[in-house]
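Structure assessment
These are the residues of each chain, in order.
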Amino acid sequence: MKTKNNPKGNDKTILLSVGILAVLLFSTFVLFAVTIFKKGAIIESALSLIIGVILLVALIIFLKRRYTDIKKGFPTHDERSNKVMTLAGSKAFLISVWWILIIGWASSNGWFQFRDISQATGAGILGMAVIFGLCWAYYNRKGNLE
Amino acid sequence: MKTRIKEFRARYDLTQEDLAKKVGVRRETIVFLEKGKYNPSLQLAHDVATALKTNIEELFIFEGKK
């Protein structure tokens, strides 16, 4: 009996999905930066571009590592990586609830104002993605996953 | 939990990458196993032991709960 490996087809799908996600994310940040630049928000526009570039670089590094691993014959997932994903997902869900509550509370108390509902939703989703990324990085570096 | 994975790897002249390929796991998994920082499932422990031509009792030294 062998530990489960992903078939090659799944690996290709994962790489393609992450590639498409990288392009979509970067395009979103560039479009947002151009839109707010036209409205005169130069600092916010630059900040949006910087975040977009950081995300693109991070995803390219991730893709390159995964591609090298697949070429060398390593699986994209195994027992430990699945455990890391499960733990990161469950912890990120709990923290995300707090994140949504905090931005809702801060916004209703006038600390900052969202332009419209789509911007508020975007901030919520982006925060959730960042929280998941941080949780994943934490559990991936942590040795004992018990 | 302590392991003798490094010792057995050296015996068969295997790198961490070689062992990972033999077992069918990612290299990081072998790194954490070797450091004794990851408690494997019985299945994984069996696969690693088989790849190193030994048994679980020889490879993993259980110290009990602290």
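**Regarding the overall build of chain B**
- Looking only at helices and strands, chain B features five helices and two strands.
- Reading the secondary structure of chain B in the N-to-C direction produces β-α-α-α-α-α-β.
- Radius of gyration (C-alpha) of chain B: 11 Å, near the 11 Å computed for a compact globule of 66 residues.
- Seen along its three principal axes, the alpha-carbon backbone of chain B occupies a region of about 35 × 20 × 20 Å.
- Across the 66 residues of chain B, 47% fall into the buried class.
- If you take every contact in chain B between residues at least 6 apart in sequence, the share linking residues at least 24 apart comes to 55%.
- Across chain B, 14 positive and 10 negative side-chain charges occur, with their mean positions spaced 4 Å apart.

**Description of the packing of aromatic side chains**
- Throughout the structure, instances matching the rule amount to three aromatic pairs over all chains.
- With a centroid separation of 5.2 Å and 80° between ring planes, the pair formed by F112 of chain A and F114 of chain A is classed as edge-to-face.
- Over the aromatic face of F8 of chain B sits the side chain of R11 of chain B, whose NZ or CZ is 4.4 Å from the ring centroid.
- Sitting over the ring of Y12 of chain B, K53 of chain B keeps its end group 4.6 Å from the ring centre.

**Quick look at a nonpolar patch on the surface**
- Taken together, F93, L94, I95, V97, W98, L101 and I102 of chain A make up a surface patch of nonpolar side chains, about 740 Å² in accessible area.
- A residue is classified by how much of its surface remains accessible, and V97 of chain A, at 40% relative accessible area, is partly exposed.

**Things to note about the packing of helix α2 (residues 16-23) of chain B against helix α4 (residues 42-51) of chain B**
Residue and element names in this part refer to chain B.
- At a closest axis distance of 9 Å, the pairing of α2 and α4 adopts a crossing angle of 120°. Taken together, α2 and α4 sit at an angle that is classed as oblique. Crossing hand, α2 versus α4: right-handed. Residue-level contacts link L19, K22 and V23 of α2 to L44, D47, V48 and A51 of α4.
- Here the residues of the contact of α2 with α4 are counted per class, giving five nonpolar, no polar and two charged.

**Here's the deal with the confidence of the model for chain A**
Residues and elements named next belong to chain A.
- In the predicted model, chain A carries a mean pLDDT of 85, and the fraction of residues at 70 or more is 94%.
- Model confidence for chain A, summarised as mean pLDDT per element, is weakest for helix α1 (residues 8-38) at 84 and strongest for helix α3 (residues 79-108) at 94.
- Counting interchain partners and residues more than four positions distant, the pLDDT-below-50 stretch residues 2-7 has 18 contacts.

Rules used throughout
Residues numbered from 1 in each chain as written. Chains lettered and ligands numbered in written order. Predicted model: local features only at pLDDT ≥ 70, side-chain atom pairs only at ≥ 80, totals over all residues. Heavy atoms only, no water. Helix = DSSP H or I, 4+ residues; strand = E, 2+ residues; numbered from the N terminus. Rg over C-alpha atoms; globule rule 2.2 N^0.38 Å. Buried < 20%, exposed > 50% of the residue type's maximum accessible area, 1.4 Å probe, protein only. Contact = heavy atoms within 4.5 Å. Lys, Arg positive; Asp, Glu negative; His and termini not counted. Charge placed at Lys NZ, Arg CZ, Asp CG, Glu CD. Phe/Tyr/Trp six-rings, centres within 6.5 Å; stacked < 30°, edge-to-face > 60°. Lys NZ or Arg CZ within 6 Å of the ring centre and 35° of its normal. Patch = residues over 30% accessible without salt bridge, like charges linked within 9 Å, V, L, I, M, F, W, Y side chains within 5 Å. Areas by Shrake-Rupley, 256 points an atom, 1.4 Å probe, with all protein chains shown as cover. Salt bridge = Lys/Arg side-chain N within 4 Å of Asp/Glu carboxyl O. Axes fitted to C-alpha atoms, helices over the stretch in contact; angles between N-to-C directions. Parallel < 35°, antiparallel > 145°, perpendicular 65-115°, else oblique. Left-handed = near helix turned anticlockwise from the far one by under 90°. Nonpolar A, V, L, I, M, F, W, Y, C, P; charged D, E, K, R; others polar. pLDDT = per-residue confidence, 0-100.

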